Amino acid sequence: MAYYLNFPLAADYMRDSQPLMLANYGAIFDFMGADHVQFNAAGTPGQHLQMTFPGLNPMQVNSNGNWQLFALNIATDPLSTFLFSFNAAGLLKGFSRSNLSGNLGVANFIQLPSGILLKWITLATQASGAPNPFRLQWLNYGDLLPFTTQYWAGVFPLATFPNVIYDEDIVTYVTDISNPLQITFKLWSRYQFNTAPTYPSGFTILAIGV
Amino acid sequence: MAYLSTIPQATDAKNVSQAQILENFSQIYTVFGVDHAIFDSPLGQGYHQQATFPVNAAGNPGAGFMRLYANTGVTGNPELWLRNGTAGTNYQITSASKNSTGWTMTPAGILIKWGSATTAGTGAGQPQTFTWPTAGTDLAFSTQYWALVQIGADPALPNKDVNAIAYVTNVANPAIVQYNVWRRNLFSTSGTNQNPFSVWILAFGTP
């Protein structure tokens, strides 16, 4: 329903203003009915029943220094609309962005409202006697949101599922995460010093950064 | 002119009310246009293009309500907070310490902490203790539910094999994580040539 401005003017007759005023009150009522507790409804009119965010493209610029929450369409991501937020300094933070493929060999991530990025990957098979150190480069595994800084990482042995044949013969540990695009780690035999593992095995990695 | 909520009165002359009504409709358009898709917008009038939160110490909305608002966090910066009026909880959901030893809050109220340290060596002073930082801008656990610890290479000697394993022994004290470090290929035995090396710790709890 249309909303009319610039009326009533001083020279307007009431009969001319009446339908515009009627239209405006109807438009206000319809406007409030989207997402808000409606006029005259039970509860507290004006409060939010929910907040619906149309995906924006391009992104709004926050110049008032306040927190802002909004949705953004990102054409290059499998899920095209996410909730983002600015902090008061005008810096962009992700809020609900994620890539949860559930597939082996794919970099998964979730982005928390704080902007912290949790990323993980599972590789089901790794040849025995793998060269040390091993470098996993996230971009080689479909990473959609690269770290700018990588704070922490853990590498853990994993059975070569779904066919668990061998007892896990590896120990793994991180050696370097200073490059945010990769994790460097060692794989050794679990019970022999400075020796490559005998049997194939897998590993899973969890990393934290921004 | 400001928005007037008490016009027109029964005794007001039309030439007085006209200007006031004109102004009120203009004010409604301007105010509704803040954060919302405006009247007749193709995005859907009344929907939120964004939600902007000036900092304020919002109160408890009461049982059955959730409230989202901005206020100063433990970080010292304006953060987004989430109140659950039924549970009586109040979480600063965007707060984090973005460092190699750091933490992040989550909307569920779970606090995730991570860190690393250099350990003295296998068998040395078991159990060993990792203490979470307690700077004024850090959020402490009130309860620590879970932790893991993993050995890492000596940062100064990344190519040297690390002959050690580590495992958590106690998370009951929310201020620390206790763990043992032993030689990797011999049961309950100190190592021979690895010290120091690093330990990497991850923990979940509530603030």
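Residues numbered from 1 in each chain as written. Chains lettered and ligands numbered in written order. Predicted model: local features only at pLDDT ≥ 70, side-chain atom pairs only at ≥ 80, totals over all residues. Heavy atoms only, no water.

Engineer: For this particular structure, what's the right way to read the sheet that holds strand β10 (residues 182-189) of chain A?
Structural biologist: Remark on secondary structure: sheet strands pair via backbone hydrogen bonds, oriented parallel or antiparallel. Residues and elements named next belong to chain A. Spatially, 3 strands are ordered β7-β10-β9 in an open sheet, and the strand pairing comes out antiparallel. A strand with exactly one partner marks an edge of an open sheet, and here the two such strands are β7 (134-137) and β9 (170-176). Averaged over all pairs of adjacent strands, the angle between strand axes in this sheet comes to 35 degrees, irrespective of strand direction. As paired strands, β9 and β10 are joined by 6 bridges and run antiparallel to one another. Bridge pairing in β10 places Ile170 opposite Ser189. (Pairing = 2+ DSSP bridges. Helix = DSSP H or I, 4+ residues; strand = E, 2+ residues; numbered from the N terminus. Axes fitted to C-alpha atoms, helices over the stretch in contact; angles between N-to-C directions.)

Engineer: Would you mind showing me how to read the nonpolar core here?
Structural biologist: Soluble globular proteins tend to pack their nonpolar side chains together in the buried interior. Ranked by size, the top nonpolar core spans 37 residues in total, and within it Phe53(B), Trp132(B), Ile151(B), Val162(B), Tyr179(B), Val181(B) and Ile201(B) carry the most contacts. Here this core gets 4 residues from one element, more than from any other, and that element is strand β12 (residues 197-206) of chain B. Not counting chain neighbours up to four residues away, the residues in contact with Ile151(B) comprise Tyr173(A), Val174(A), Val162(B), Ala164(B), Ile165(B), Ala166(B), Val181(B), Phe197(B), Ser198(B), Val199(B) and Trp200(B). (Core = buried A, V, L, I, M, F, W, Y, C linked by side-chain atoms within 4.5 Å. Buried < 20%, exposed > 50% of the residue type's maximum accessible area, 1.4 Å probe, protein only. Contact = heavy atoms within 4.5 Å.)

Engineer: Can you walk me through unusual backbone geometry in this structure?
Structural biologist: Backbone geometry follows two general trends: most residues other than glycine have a negative phi, and most peptide bonds adopt the trans configuration. That bond from Phe7(A) to Pro8(A) is cis: its omega, -5 degrees, falls within 30 degrees of zero. The omega torsion across Ile7(B) and Pro8(B) is -5 degrees, close enough to zero to call that bond cis. Looking at where Pro8(B) falls in the secondary structure, it is placed in the segment before α1 (14-32). Positive phi, close to 75 degrees, is recorded for Asp35(B), a residue that is not glycine. Inspection of the secondary structure assignment puts Asp35(B) in the loop between α1 and β1 (51-53).

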